[in-house]
Structures are given as C-alpha cells and as structure tokens.
Amino acid sequence: MDSMPREPVAEAPATDPAEREARWALGLVPQLGGAALKGLLAAFGSATRAWEADPQALQAVPGIGPAVARAMRRFPRARALREERARVAEAGVRVIVWGDPDYPARLREIASAPPVLYLRGGLEEEAGIAIVGARHATAYGEGVANELAAELGRRGLTVVSGLARGIDAAAHRGALEAGGRTLAVLGSGLDQIYPPEHRGLAAEVAAHGALLSEFPLGTAPLRRHFPRRNRIISGLSLGVIVVEAGVGSGALITAHHALEQGREVFAVPGRVHARYSEGCNRLIKAGAKLVETWEDVLCELAPQLRRQAPQRVAAPPPPHLTAAERQVFDLLAEGPLHIDALIVRAALAGGRVASALVGLEMKGLVRQLAGKVFERHDSS
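Here the structure is a predicted model, which means the values were calculated and not measured.

**Student:** How should I be thinking about the overall build of the protein chain in this particular structure?
**Tutor:** Across its full length, the protein chain holds 17 helices and twelve strands. For 380 residues, the compact-globule formula gives about 21 Å, and the C-alpha radius of gyration of the protein chain, at 23 Å, lands near that figure. Seen through its principal axes, the protein chain has C-alpha atoms that stretch 75 × 55 × 40 Å. At a minimum sequence separation of 6, the contacts of the protein chain that also span at least 24 residues come to 70%. A total accessible area of about 17200 Å² is found for the protein chain, and carbon and sulfur atoms account for 54% of it. Of the side chains in the protein chain, 45 bear a positive and 41 a negative charge, and the two mean positions are spaced by 4 Å.

Structure, rendered in structure tokens:
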C-alpha cells in the first residue's frame, strides 16, 4: 500500500485511460466531492495512487476523515464502474472527468468543482448568465425571467438554470424562444428528469445547449442534492440573476455560492410586502446589482466579456473616421457584437451608432451578419 508522499507530487494527466477511470470512480463514491478530489490529487499525484493508499494516508488528506477513508476502501470500484459504463452507453450520455480538456473552464476555477460531469448535448466556450428564482413564481416573475433570458440570449449569452418549475423553466424557455443557448444543471441523474413534466423542456435544452449533472445515472432527485447542484449553476456563469425569491429560497443559496466564487450577483426588485420578493430586496440592500432590463446586466458584465473575447490583431483604422466611427470600430476589435451591445458599450445614442455602422460598412471596414450582428472586416 502507498502512504501519503512527503513531498508534493506532480498531478498525473487525465488523458491516461487508467487515471481517467480512477477519477470517474472517485465521482461514484457518494461521500466524495470536488474539494476532496483536489486534496487527493495534491497529496498522491493521481487518483490511481489515491485508490491504492492505506486508510491512514487517506485520513491525512484535508477533507478526508475516517468515514470517507473507510467508504473509499470498501467501495466496489470495478463493479461500480462496469455498471455505470453500461448505463452511460445505453443512455447515450457523455462523461467528462476533472482534467479532461473539455471540462468547462469557468467551473474548473471553483474550489468544489465536481470530479465528474454527465452531459447530454454540447458545451462551448460559454459566456453564461444564471437566472434562478422561486418555484412558485408569479406570472410577473416568470415574465421578467423569460424576457431577460430572451434578450440576453439574443446577445450571445448562454442562460444557465436548474430546470425547476417557475423562474428556472421560464428562463430556459426564454432563451430557447430567442434562438439562444441554455444549460440546465440537474439535482439528479440525467435519466431522472425532475420535475417529470419538464421532460419535453429538457429535450429542447439538450438540443440547443446541454443538460449537466454531477450525479451518476439512476440518482433520484433528493432534496439534499439541490444545494449541491446550485454551486455548479453559479460556477458555470459570469453572474447570477435572482428573480423572485423568498428568504429561504434555494435561489439565495445560488447567490451565496456566486459571491464565494467571485461571480456577479443581480436581483430583480419586487413589491415591498410581497413574500416572494423579500429575498431579492434583501440581496439588493446587501449590494446586489438591481436589474430592470437586460442592459443593466450587460453593462455590468461588459468588462468580463471584453476580457473573455479573443484578442485580434488588426491594422489601425484609417485616419478619416469620425469620432463615433472610430469608437465603434475599436469596440468591434473584441469580436462580433449585436447592435444593442454596441449602443450600451459605446454609451452613444442608437442613431449615432447606426450611422457610424453605415459609414464603416461603406468604407469596407465592417460587415453585417445575421440578426443585426456586426464584425470588423479586417484584411488581417
């Protein structure tokens, strides 16, 4: 048996098939989470060596106590992996383990990133915005969530939520109706859609984004799973918008995770004496950004979106541009932008931006794509 190394050990690559399976197996142990996985990798250098370690060495790892060490030692790893592999193949689900190249970059940043993700659909380099709130929402709240999701989706943000009744479902539907992308994070296995009436919605989400879960197939939607699920929703996102939430709402747990993870927190204000607005109003009093329209969100996230955009090297603009044309031309250096995003970022009247775009198009410096999206037409 291996004992815990006294010197730091380089982490083994997840590209090694045996190491990848060892990490997948760690994700099947109910008592283990993302923080424990990182501790094991830091201590032993690989999940393979962690499985071979004796109980005393395991217990010396932060976050691994006697109970977890015993659970690891007793876990039927080979049988559990064999059965899970068969379920995954039958369900047509994809498995991503910690260290895989396609593990979501933003989620990788959080302290408790899950060891394993089960995926139905496709992931991209997402600029995600989470929209969450009460399950028993009002028609007003659902309308606001739907509108925010649609407008932000049209502007290239991926809407992230939890597929729950109420605000979550309204957010997913808003993104889908606008032709945008949306991700749903489940508190159950991907074959256990909850609530059951959202199976059709789940299929639409998977077709225009992805369903994700850290829970193995067959895992029931137990109450204790949803707070864990919420940290993934915020972890995948640049920020979290809370729409209608009581004081004990799970949406506030998501907002708390967002604060811990360094994400932006937004809240939609509600009626002073309404129970379903109390959580949002308290968030605003505590410093959350007040949201009335999509512009409030996009303006706050603009610096992060600018940093996230790939840097493009282009020739300097010709000297005969007007001040507005030069400003718009410079903004488009970060990549294609919708005209509404240009108006917000340039802080100019819509007519001036539209006029500048026409001038830039006539000079062959900008071209219009579908949906009022513009990009620079650089020779480089």
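**Student:** Looking at this structure, how should I read the packing of helix 1 (residues 17–28) against helix 6 (residues 77–91)?
**Tutor:** Helix packing geometry: the angle between the two helix axes and the distance between the axes. Orientation of helix 1 relative to helix 6, taken along the N-to-C sense of each, is 90 degrees, at an axis distance of 10 Å. What the angle tells us is that helix 1 and helix 6 run roughly perpendicular. Residues Glu21, Ala22, Trp24, Ala25 and Leu28 of helix 1 form the contact with helix 6, whose participating residues are Arg77, Ala80, Leu81, Glu84, Arg85 and Val88.

**Student:** When you look at the sheet that holds strand 9 (residues 289–290) in this model, what are you seeing that I'm missing?
**Tutor:** Sheet strands line up and pair through hydrogen bonds in the backbone, either parallel or antiparallel. Read across the open sheet, the nine strands follow the order 1-2-6-5-4-3-7-8-9; overall the sheet is mixed. Each edge of the open sheet is held by one strand with a lone partner, namely strand 1 (94–97) and strand 9. Here four bridges tie strand 1 to strand 2 (residues 116–121), and the two strands are oriented antiparallel to one another. Within strand 2, the position partnered with Val95 by the bridge is Tyr118.

**Student:** What am I meant to see in the packing of aromatic side chains here?
**Tutor:** The geometry of an aromatic ring pair is captured by two quantities: the separation of the ring centres and the angle between the planes. Per the stated rule, a full pass over the model turns up three aromatic pairs. Here Tyr194 and Phe226 contribute two aromatic rings whose centre-to-centre distance is 6.2 Å and whose plane-to-plane angle is 55 degrees, an arrangement assigned as tilted. Pair noted here: Tyr194 is in the loop between strand 5 (182–185) and helix 10 (199–207) and Phe226 is in helix 11 (residues 225–235), with a separation of 32 residues, a long-range link. Residue classification places Tyr194 among the partly exposed positions, given a relative accessible area of 34%. On the basis of relative accessible area, Phe226 is assigned to the buried category, the value being 14%. The residue whose ring lies beneath Arg135 is Phe226, and the NZ or CZ to ring-centre distance is 5.6 Å.

**Student:** Even after reading the chapter, I still don't get the pairing of strand 8 (residues 264–267), so can you show me in this structure?
**Tutor:** For a regular strand, side-chain orientation follows a simple rule: the groups alternate between the two sheet faces. The two faces of strand 8 match: Glu264 and Phe266 on one face and Val265 and Ala267 on the other face are all buried. Bridge count between strand 7 (residues 237–243) and strand 8: four bridges; the pairing is parallel. Bridge pairing links Ile241 to Phe266 in strand 8.

**Student:** In this structure, what is going on with the sheet that holds strand 11 (residues 366–369)? I would like to understand it.
**Tutor:** Reading across from one edge, 10-12-11 is the order of the three strands in this open sheet, with antiparallel pairing throughout. Looking at the sheet topology across the chains shown, the edges are occupied by strand 10 (337–338) and strand 11. Here strand 11 runs beside strand 12 (residues 373–376); their pairing, made up of four bridges, is antiparallel. The residue bridging Leu369 from the neighbouring strand is Val373, located in strand 12.

**Student:** Got a minute to help me understand the packing of helix 16 (residues 339–346) against helix 17 (residues 350–362) in this structure?
**Tutor:** Across the interface, helix 16 lies against helix 17 with an axial gap of 9 Å and an inter-helix angle of 115 degrees. As for the relative orientation of helix 16 and helix 17, their crossing is right-handed in sense. Every residue of helix 17 that contacts helix 16 at Ile339, Leu342, Ile343 and Ala346 is listed here: Gly350, Val353, Ala354 and Leu357.

**Student:** Is there a simple way to explain the side chain of Glu264 in this structure?
**Tutor:** Structurally, Glu264 can be placed in strand 8. The exposure class assigned to Glu264 is buried, which follows from its relative accessible area of 18%. Look past the residues within four positions of Glu264 in its chain and what remains in contact with it is Leu238, Gly239, Val240, Ala258, Lys289, Glu300, Leu301 and Gln304.

**Student:** Mind showing me how you'd approach helix 6 here?
**Tutor:** In an α-helix, one full turn covers 3.6 residues, which means residues spaced three or four apart are oriented alike. Between its terminal C-alpha atoms helix 6 stretches 21 Å, which fits the 21 Å expected from 15 residues at 1.5 Å a residue. Looking at the packing, one finds that the buried side of helix 6 touches helix 1, strand 1 and strand 2. One or two residues past the end of helix 6 sits Gly92, with phi positive at roughly 70 degrees.

**Student:** Sorry, what's going on with the side chain of Thr219 here?
**Tutor:** Along the chain, Thr219 turns up in the loop between strand 6 (209–213) and helix 11. Leaving out residues up to four positions away in the same chain, Thr219 has contacts with Ser188, Gly189, Gln192 and His225.

The rules we used
Residues numbered from 1 in each chain as written. Predicted model: local features only at pLDDT ≥ 70, side-chain atom pairs only at ≥ 80, totals over all residues. Heavy atoms only, no water. Helix = DSSP H or I, 4+ residues; strand = E, 2+ residues; numbered from the N terminus. Rg over C-alpha atoms; globule rule 2.2 N^0.38 Å. Contact = heavy atoms within 4.5 Å. Areas by Shrake-Rupley, 256 points an atom, 1.4 Å probe, with all protein chains shown as cover. Lys, Arg positive; Asp, Glu negative; His and termini not counted. Charge placed at Lys NZ, Arg CZ, Asp CG, Glu CD. Axes fitted to C-alpha atoms, helices over the stretch in contact; angles between N-to-C directions. Parallel < 35°, antiparallel > 145°, perpendicular 65-115°, else oblique. Pairing = 2+ DSSP bridges. Phe/Tyr/Trp six-rings, centres within 6.5 Å; stacked < 30°, edge-to-face > 60°. Buried < 20%, exposed > 50% of the residue type's maximum accessible area, 1.4 Å probe, protein only. Lys NZ or Arg CZ within 6 Å of the ring centre and 35° of its normal. Left-handed = near helix turned anticlockwise from the far one by under 90°. Expected span 1.5 Å × (residues − 1).

Keep in mind that these numbers describe shape and distance, not what the molecule does.
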